Structure formats: structure tokens, C-alpha cells
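Structural overview for review
What follows is the residue order along each chain.
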Amino acid sequence: RGFAGPPLPWSMVGRSKHAVGEDPQPRRGTRKRNSVQGDLGAREGKRLVLSKVTKVYEAQVPREEDALAQTEAEGDLASTIKRRVLRDFRVEDSAGDLIPLETFEIHTDGVFFTGAVHPVSVADEKQIDRQLGRYVERVGPCTAWRIAGFNNSKKLKNKARILLETEKAQYYLDVPSPAYRKIFNPLLESGAICCEVYHALSPEHNGDMNESYNAIVAKIARAKLSCTGSANAMNAINLSGSIVKAQLRRLKPFRDLSSEDYENLPFIRELSNHMKSSNLNGVLMTQQ
């Protein structure tokens, strides 16, 4: 009944009529958008609300003095030393290039930091109110850095903290910026090793100043501490040797020793020998 027309080519058999000269498919992205709209229509009675998550950042201030003044907490006025926590930070040389703090001394033209300054109380808080912080750029020149946390309890003895100082304040380095994380993390690892060594040698923490090198290597291994470049406990201590020796030297009771007595402590003497003979990489030789 009626003319059926010419037969379709094999490539068109089984396809809908839209396949010939028509485009029933929505354009890229439209299908997803329509399905969401349909979803909303189906849930209209439930008052479904879609909202974007707004990230909150610290307000930026032009100077270090402003950041310190606007992050004062109760008890700060009674302290002669201003202490703050630094988050999302990076450390730079005078040219603006990122540098590890371990090379601080060779940058005679100045070391600077950029980051968010927070009250020191945030170091113990799980949830950080970023609105309390102040972001500041190019603070410096910095005057010194050191490892802190040596007097932590036994439970926290491997939780090293790095302290960066300027003429106006001391800053606990908390969370580095993404760009600075790989540069900063090896120092945290060496700091944890340093704290473990200090507890092993310090009489104040039931340690023994005459403890042997091998005994301390065993303690590092039991504590499961390592550093970038080696997971082996002995190599980790050797790689961190320069930092360990320098940081211990400024702490009691080691700072009360003469240079000769300090260098002749069994652990320090053996560590120095291992550092001189190590061929792990070029780092150790440049640390002398």
C-alpha cells in the first residue's frame, strides 16, 4: 500500500529516522545540564539548594608589623618575645628564589619569607580559623632559624618544630605552601632525627652523653625515622649529621662543653667519622 521508496543503504539499517539529516542529541554539556534541571524538578518539594563552597583566606597586610599587631592573642602583651605560627609559607633569597633553610648561612644578601601569620595558639587546634590570620609578603631579612621541640614529652619527642626568627618575632613553621613543601619536608625529617638523638644523649631526659653511635642508630631504627635520600637509619643519621651536630651544640648540656670535649663525645666523634667517609652523595661533603 503506497510507495515505500528506495531501500536504505546497509549503513543506515537499524538507525532511527533522526540519523538522516537530523541531530536529536543535545550539544556537549547540554545533556548533563538538562538531567540536573530534571533532578531539581523532581526534588522541588525538598527545597534542594545547590551552592558553591567559598574558600576563606587570610586578609593581606603590607608589613610584618601589621601582621603581628592584628594577630595578638591574650598573653602576648606579657611576653617580651612575640611568637606566631606561619602557614602557607615559603622561604626565599634576595632574588625571590625558593631556598632550603639548611643553606641559610650562605645567603649573606638576606633570607625572606612570605606566608600567613597566625596566633601561636593555632598550633594546637585541629580547625584553623583563617580569618584570624594575616597574609604578608617578603618579610625580612630573617636573622636565624633553629629546631624546637627538644623538650617535648616522650610521646611527642619526634615532633620537631622549626622556628624562623626576624628582629621582630619568632615564627613556628607549620604548613608550607604547595610549592615549598618538597624543599621543607627534608628539614622536618632531619629535625625528628635530631630530637631523637637529643633524648638519647641528654641526662635531663634519662639519656647518656656517652651513648655509642651504634646504640643511637638502633634507636633511630626502632623509632622508624628516615630522611629523604635513604630509609636506612644509619644513612639517615649521616645525611642529617651536620644539622644534628649544630643543633645539639647550642643546647644544654652540650653548649657548656668545650669544643674539644663536645667533638670527643662517642656519638659525635663516630658521626663525624661516618660523615667524612660517606659516599652517599655530594650533600655530606658540602655540609662540613
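Residues numbered from 1 in each chain as written. Predicted model: local features only at pLDDT ≥ 70, side-chain atom pairs only at ≥ 80, totals over all residues. Heavy atoms only, no water.

Moving on, we get to the overall build of the protein chain. Secondary structure assignment for the protein chain yields nine helices and seven strands. Put simply, of all contacts in the protein chain between residues at least 6 apart along the chain, 63% involve residues at least 24 apart. Carbon and sulfur atoms provide 50% of the accessible area of the protein chain, an area that totals close to 18100 Å². (Helix = DSSP H or I, 4+ residues; strand = E, 2+ residues; numbered from the N terminus. Contact = heavy atoms within 4.5 Å. Areas by Shrake-Rupley, 256 points an atom, 1.4 Å probe, with all protein chains shown as cover.)

What follows deals with the nonpolar core. In terms of nonpolar packing, the biggest core is built from 57 residues, with L101 and F267 touching the most fellow members. Looking at this core element by element, the count peaks at ten residues for helix α3 (residues 181-201). Those residues in contact with L101 that lie beyond four places of it in its chain are V91, W145, I162, L164, L173, Y180 and L187. (Core = buried A, V, L, I, M, F, W, Y, C linked by side-chain atoms within 4.5 Å. Buried < 20%, exposed > 50% of the residue type's maximum accessible area, 1.4 Å probe, protein only.)

Here the protein chain averages 79 in pLDDT, and 70% of its residues register 70 or above. Counting interchain partners and residues more than four positions distant, the pLDDT-below-50 stretch residues 8-52 has eleven contacts. Low pLDDT, under 50, characterises residues 281-288; the stretch is placed with 13 contacts to residues that sit more than four places away or in other chains. (pLDDT = per-residue confidence, 0-100.)

Burial of strand β7 (residues 170-173) is two-sided: the residues Q170 and Y172 facing one way and the residues Y171 and L173 facing the other way are all buried. Across four bridges, strand β2 (residues 83-93) lies against β7 in parallel orientation. In the strand pairing of β7, R83 is matched with Q170. Between strand β6 (residues 161-165) and the antiparallel strand that follows it, β7, lie four residues. (Pairing = 2+ DSSP bridges.)

Our focus in this paragraph is the packing of α3 against helix α4 (residues 213-222). It is the contact of α3 with α4, at a shortest axis distance of 10 Å, that shows an interaxial angle of 130 degrees. In this view, α3 runs oblique relative to α4, as classed from their interaxial angle. The interaxial crossing formed by α3 with α4 has right-handed handedness. Contacts between α3 and α4 involve I193, E196, V197, A200 and L201 from the former and I216, K219 and I220 from the latter. (Axes fitted to C-alpha atoms, helices over the stretch in contact; angles between N-to-C directions. Parallel < 35°, antiparallel > 145°, perpendicular 65-115°, else oblique. Left-handed = near helix turned anticlockwise from the far one by under 90°.)

Moving on to the environment of V244. Tracing the sequence through the fold places V244 in helix α6 (residues 241-249). Sequence-distant contacts of V244, defined by excluding residues within four places in its chain, comprise I193, C194, V197, Y262, F267 and L271.

The peptide bond linking G140 to P141 adopts the cis configuration, its omega dihedral lying at 5 degrees. Structurally, the position occupied by P141 is in the loop between β4 (134-139) and β5 (144-148). For K224, which is not a glycine, the phi torsion comes out positive at approximately 60 degrees. By secondary structure assignment, the location of K224 is in the loop between α4 and α5 (233-239).

Now for the packing of aromatic side chains. Scanning all chains against the criterion turns up seven aromatic pairs. Judged by centre distance (5.1 Å) and plane angle (90 degrees), the ring pair of F89 and F184 falls under edge-to-face. Here F89, found in strand β2, pairs with F184, found in helix α3; they are 95 residues apart in sequence, far enough to count as distant. Across the pair, F184 and F89 agree in class, each one buried. Both rings, one in Y213 and one in F267, keep their centres 6.0 Å apart while their planes meet at 20 degrees; by these two values the pair is stacked. On the criterion of sequence distance, the pair formed by Y213 in helix α4 and F267 in helix α8 (residues 266-277) is long-range, its members being 54 residues apart. On the basis of relative accessible area, F267 is assigned to the buried category, the value being 1%. Between the NZ or CZ atom of R138 and the centre of the ring of F112, over which it lies, the distance is 4.3 Å. (Phe/Tyr/Trp six-rings, centres within 6.5 Å; stacked < 30°, edge-to-face > 60°. Lys NZ or Arg CZ within 6 Å of the ring centre and 35° of its normal.)

Moving on, we come to the side chain of E58. On the secondary structure map, E58 appears in the loop between α1 (30-42) and β1 (59-60). When its relative accessible area of 10% is taken as the criterion, E58 is described as buried. Here R130 takes part through its side chain, which lies 3.3 Å from a polar atom of the side chain of E58. Dropping the residues within four chain positions of it, E58 is found in contact with A116, H118, R130, G133, R134 and Y135. (Polar contact = N/O pair within 3.5 Å; in protein donor to acceptor, adjacent residues only side chain to side chain.)

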